[in-house]
2 protein chains.
Amino acid sequence: MKVLIDAFGGDHSPNEIIAGTVEAVTERNDFTAVLIGNPDIINEQLKNYTYSANRIEILPASEVITCEEEPTVAIRRKPDSTINVGFKELKENPEAKAFVSAGSTGAYLVGATLKLGRIKGVNRPALCPTMPTADPNKSVILLDAGANADCKAINLCQFAVMGSTYAKAMGVENPKVALLSNGTEDEKGNALVHEVLPMLKEMKSINFMGNCEARDILTGEYDVIVADGFSGNVAIKSIEGAVMTVMGLMKGEIFSTFKGKIGGLLLKDTFKRLAKKMDYNNNGGALFLGVEKVVIKAHGSSKRTAIKNAVLQAAEFASIGLAEKLKESIINESNF
Amino acid sequence: MKVLIDAFGGDHSPNEIIAGTVEAVTERNDFTAVLIGNPDIINEQLKNYTYSANRIEILPASEVITCEEEPTVAIRRKPDSTINVGFKELKENPEAKAFVSAGSTGAYLVGATLKLGRIKGVNRPALCPTMPTADPNKSVILLDAGANADCKAINLCQFAVMGSTYAKAMGVENPKVALLSNGTEDEKGNALVHEVLPMLKEMKSINFMGNCEARDILTGEYDVIVADGFSGNVAIKSIEGAVMTVMGLMKGEIFSTFKGKIGGLLLKDTFKRLAKKMDYNNNGGALFLGVEKVVIKAHGSSKRTAIKNAVLQAAEFASIGLAEKLKESIINESNF
């Protein structure tokens, strides 16, 4: 089994991408990591590490798509970019099961849809990050987190099935699925929510709990939150911003008094643990659900640990056949 | 000048509402507070406090609308409810300039629109809370935070003008207005954002900065965030949930080690200050902008301090003629 890794995507590429890949192959044995990009640079970097040479391969690609480029144009104009080369390999090589990139989100998702292709029955694939919750033993997944700014009701139904299947693959029994709305009552919601709510209630393959409010996302009450890509994006970025703001204000408050400074010193490790816990990047990357194989988008700011986690996550989901499970669940839902 | 207060709205009514009202009249001299509800109960409660008797009046109302009732039905079926009596007085008595309630949000907004009436030129009034930002000297207002789940482009343009006028009334010079989207680039957004972006760019009466991401809401970079009521609601409730989760997890982390417990004790005041700062209820209530007079929705869980702040806020905005400023700004914007 091969896991492909875009060595030239993200703010800290290629150094941190390569470092994270080496850490991943050291931690897990059942896959070969394939670093995609300029072979000279990758080989030069790899000299710094000790690892089993047969565990890491290089797939040459001469171009890189930047975040500033218009995704669809870039995918067309740069056939030898790491993203295009990766998706071509993923499509054509049966041994290649997963792809990880921290590069341009737009180009990566466009590439996945156009070059790798959608699962039959899925109209729109969705970006699906995992977030920590107030319950230390539970996490929550939200989809779509931003791949589709405008959604139809049928898209949200498919997100619900895919999210539920993904949660099951992560070990959650009978995952609780909720629809993001502006209130919990059935009457609440915008036109899309009003249309999709009765459809979700009809679906037998999911454990649907009804509408939820955005303040319930992190309570741990639900396993899967379904939303259109616009509101889903607003939700995860609001959470990200709020966590950053609280942590920043706390720092300011602590250093404003002497007593605070001492307390802050004693709690330094606590704060670090908490910041790590709340940083959803530490949960690995966001899955792009609904395409033919396992596609993981790591955050642009990922360093080696985040990349290691994303690569391990890719190997895990490839080994349990997540893409196949998704195909099966979509086929079984007779409404599509 | 009279400020009306719904004595029987909210989780802690009437006790905390009455206590907060007494505190407000003690702090500010230029208004008469009018408590609306059962006169016997209000009088009984008022006996517990010392205040100038001429500063608080009672307006009798025999019914209360609960949060469980369907707003439009309740407004029609309970003519002698505190909310209906309040809006009737606000409409008919020229001395009555503002109304504060911590009761059913739905019924309160429906009552404001149907009984008090919209400002000419405003198609949909908007709920507009104030939130703290990472910059201790700046706050940010967001509208619509949930009054209109489905919005048209023209509604968002009107929100922008009203939000900007409100920010100016709060003392912000040339307030920076941003449109909530799923990315900062012009290409980002859903169909509504794509339609409204060029319209906002054309408007001369606002200082429009373009699209913003949800993670920018609390940075302090912008003064006014414009959104449809669905995404706006998702944003503020995501922030609320994230803050609660971080604070809760922090408590758990702190009490998990001995060093943590000591640090936690030293930082007790810091945490309290921070929790207070992040709780947007402490900024008073959310204004309902676009109706004929000053209408403020306090949080259902408001205790005396939150009520005091909402009443003082009501008196302040009534005294500076916020409703008149809004009317003027709407008339001056030639696009409406």
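Residues numbered from 1 in each chain as written. Chains lettered and ligands numbered in written order. Predicted model: local features only at pLDDT ≥ 70, side-chain atom pairs only at ≥ 80, totals over all residues. Heavy atoms only, no water.

**Student:** Is there a simple way to explain the overall build of chain A in this structure?
**Tutor:** Within chain A, the regular secondary structure consists of 12 helices and 12 strands. The C-alpha radius of gyration of chain A comes to 20 Å, within 12% of the 20 Å expected for a compact globule of 336 residues. Referenced to the eigenvectors of the C-alpha coordinate spread, the extents of chain A come out at roughly 65 × 60 × 35 Å. Residue burial in chain A is summarised as follows: out of 336 residues, 58% are buried. Of the contacts formed within chain A by residues at least 6 apart in sequence, a portion of 72% connects residues at least 24 apart. With 38 positive and 40 negative side-chain charges, chain A shows a spacing of 3 Å between the two charge centroids. (Helix = DSSP H or I, 4+ residues; strand = E, 2+ residues; numbered from the N terminus. Rg over C-alpha atoms; globule rule 2.2 N^0.38 Å. Buried < 20%, exposed > 50% of the residue type's maximum accessible area, 1.4 Å probe, protein only. Contact = heavy atoms within 4.5 Å. Lys, Arg positive; Asp, Glu negative; His and termini not counted. Charge placed at Lys NZ, Arg CZ, Asp CG, Glu CD.)

**Student:** Looking at this structure, I do not really get the interface of chain A and chain B. What am I missing?
**Tutor:** Interface size, as often reported, equals the accessible area lost upon joining of the parts. Each partner contributes to the interface: chain A provides 54 residues, whereas chain B provides 54 residues. In total, chain A and chain B occlude about 4,700 Å² of area from one another, counting both sides; carbon and sulfur atoms represent 68% of this. In terms of surface lost to chain B, no three residues of chain A exceed A:Arg215, A:Phe230 and A:Glu253, which account for 15% of the buried area on that side. If you look at where chain A meets chain B, you find four salt bridges. The partner of B:Lys237 in a salt bridge is A:Glu213, with the nearest N and O atoms 2.3 Å apart. Taken together, chain A and chain B are joined by 10 residue pairs in polar contact (both at pLDDT 80 or more). Breaking the side of chain A that touches chain B down by element, the ones donating at least two residues are α7 (191-202), α8 (229-254), α9 (258-266) and α10 (268-278) of chain A. In terms of residue count, α8(A) provides more of the side of chain A that touches chain B than any other element does, 19 residues in total. Among the residues forming the side of chain A that touches chain B, the class breakdown is 25 nonpolar, 18 polar and 11 charged. (Buried area = accessible area lost by both parts, 1.4 Å probe. Salt bridge = Lys/Arg side-chain N within 4 Å of Asp/Glu carboxyl O. Polar contact = N/O pair within 3.5 Å; in protein donor to acceptor, adjacent residues only side chain to side chain. Nonpolar A, V, L, I, M, F, W, Y, C, P; charged D, E, K, R; others polar.)

**Student:** Can you help me understand the sheet that holds strand β9 (residues 207-212) of chain A in this one?
**Tutor:** Pairing between sheet strands relies on hydrogen bonds along the backbone, with the strands arranged either parallel or antiparallel. Residues and elements named next belong to chain A. The mixed open sheet is built from five strands, whose spatial order is β6-β7-β10-β8-β9. In this open sheet, the two edge strands, each paired with only one partner strand, are β6 (130-132) and β9. Each adjacent strand pair in this sheet contributes to an overall mean axis angle of 30°, direction not counted. Contacting β8 (176-180) and β9, α7 crosses the sheet at an angle of about 160° to β9. (Pairing = 2+ DSSP bridges. Axes fitted to C-alpha atoms, helices over the stretch in contact; angles between N-to-C directions.)

**Student:** Any chance you could explain the nonpolar core here in plain terms?
**Tutor:** In terms of nonpolar packing, the biggest core is built from 232 residues, with A:Ile217 and B:Ile217 touching the most fellow members. The contact partners of A:Ile217, leaving out residues within four places of it in the chain, are A:Met131, A:Val140, A:Leu142, A:Leu180, A:Ile225, A:Ala235, A:Ile239 and B:Ser238. (Core = buried A, V, L, I, M, F, W, Y, C linked by side-chain atoms within 4.5 Å.)

**Student:** What's the story with the relation of the copies chain A and chain B in this structure? I'm lost.
**Tutor:** The relation between the two copies of this chain is a rotation about an axis and a shift parallel to it. Mapping chain A onto chain B is achieved by rotating through 180° and translating by 0.0 Å along the same axis, at an RMSD of 0.0 Å. What we have between these two chains is a two-fold relation. The position closest to the rotation axis in chain A is occupied by the C-alpha of A:Gly263, lying 2.0 Å away. (Least-squares fit on C-alpha atoms with pLDDT ≥ 70 in both.)

**Student:** Looking at this model, I keep getting lost on empty space enclosed by the protein. Mind explaining?
**Tutor:** All names here are of chain A. Counting across every chain of the model gives four cavities of 30 Å³ or more. Considered as a void within the structure, the largest cavity measures approximately 60 Å³ in volume. Lining the largest cavity we find Leu287, Phe288, Leu289, Gly290, Val291, Lys293, Val294, Val295, Leu322, Ala323 and Leu326. Of all elements in the fold, only β11 (286-289), β12 (294-297) and α12 (322-332) reach the threshold of two or more residues within the lining of the largest cavity. (1 Å grid on protein atoms, 1.4 Å probe; cavity = no way out; pocket = protein on both sides within 12 Å on 5 of 7 lines; lining within 4 Å. Points joined across faces, edges and corners; volume = space filled by probe spheres on them.)

**Student:** Looking at this structure, how should I read the sheet that holds strand β2 (residues 32-37) of chain A?
**Tutor:** All names here are of chain A. Pairing is mixed in the open sheet, where seven strands are placed in the order β3-β2-β1-β4-β12-β11-β5. On the outer flanks of this sheet lie β3 (56-60) and β5 (126-128), each paired with one strand and no other. Direction aside, the axes of adjacent strands within the sheet are offset by 25° on average. Where β5 meets β11, three bridges bridge the pair, whose relative direction is antiparallel. Each residue of the ladder has a partner; that of Cys128, found in β11, is Leu287. Together, β1 (2-6), β2 and β3 form the strand contacts of helix α1 (residues 15-27), whose direction differs from that of β2 by roughly 170°. Across the sheet, helix α6 (residues 153-169) touches β5 and β11, and the angle it forms with β11 is around 130°.

**Student:** Teacher, can you tell me more about the packing of aromatic side chains here?
**Tutor:** To describe a pair of aromatic rings, you give the distance between the ring centres and the angle between the ring planes. Residue and element names in this part refer to chain A. Inspection of every chain in the model, using the stated rule, returns eight aromatic pairs over all chains. Relative to Phe99, the ring of Phe87 has its centre 4.9 Å away and its plane inclined at 75°; by these criteria the two rings are edge-to-face. On the criterion of sequence distance, the pair formed by Phe87 in helix α4 (residues 82-92) and Phe99 in strand β4 (residues 96-101) is long-range, its members being 12 residues apart. For the pair shown, Phe87 and Phe99 are each scored as buried. Feature note: the residues Phe87, Phe99 and Tyr108 constitute an aromatic cluster, connected by ring pairs. A cation sits over an aromatic face here: Arg55 above Phe31, 5.3 Å from the ring centre. (Phe/Tyr/Trp six-rings, centres within 6.5 Å; stacked < 30°, edge-to-face > 60°. Lys NZ or Arg CZ within 6 Å of the ring centre and 35° of its normal.)

**Student:** Could you clarify how one ought to interpret the environment of B:Lys152 in this entry?
**Tutor:** Residue and element names in this part refer to chain B. By the secondary structure assignment, Lys152 is in the loop between β7 (139-143) and α6 (153-169). Owing to a relative accessible area of 60%, Lys152 belongs among the exposed residues under this scheme. The sequence separation of Lys152 and Leu127 amounts to 25 residues, and the corresponding C-alpha distance is 16 Å.

**Student:** What is the right way to look at unusual backbone geometry in this model?
**Tutor:** A negative phi angle characterises most non-glycine residues, just as the trans form characterises most peptide bonds. Residue and element names in this part refer to chain A. Of note, the bond from Ser13 into Pro14 is cis; its omega dihedral lies within 30 degrees of zero at -5°. Take Pro14: it is sitting in the loop between β1 and α1. Omega for the peptide link from Leu143 to Asp144 comes to 5°, which places this bond in the cis form. Among the structural elements, Asp144 can be located in the loop between β7 (139-143) and α6. One non-glycine residue, Asn174, adopts positive backbone phi at about 45°. Mapped onto the elements of the fold, Asn174 is located in the loop between α6 and β8.

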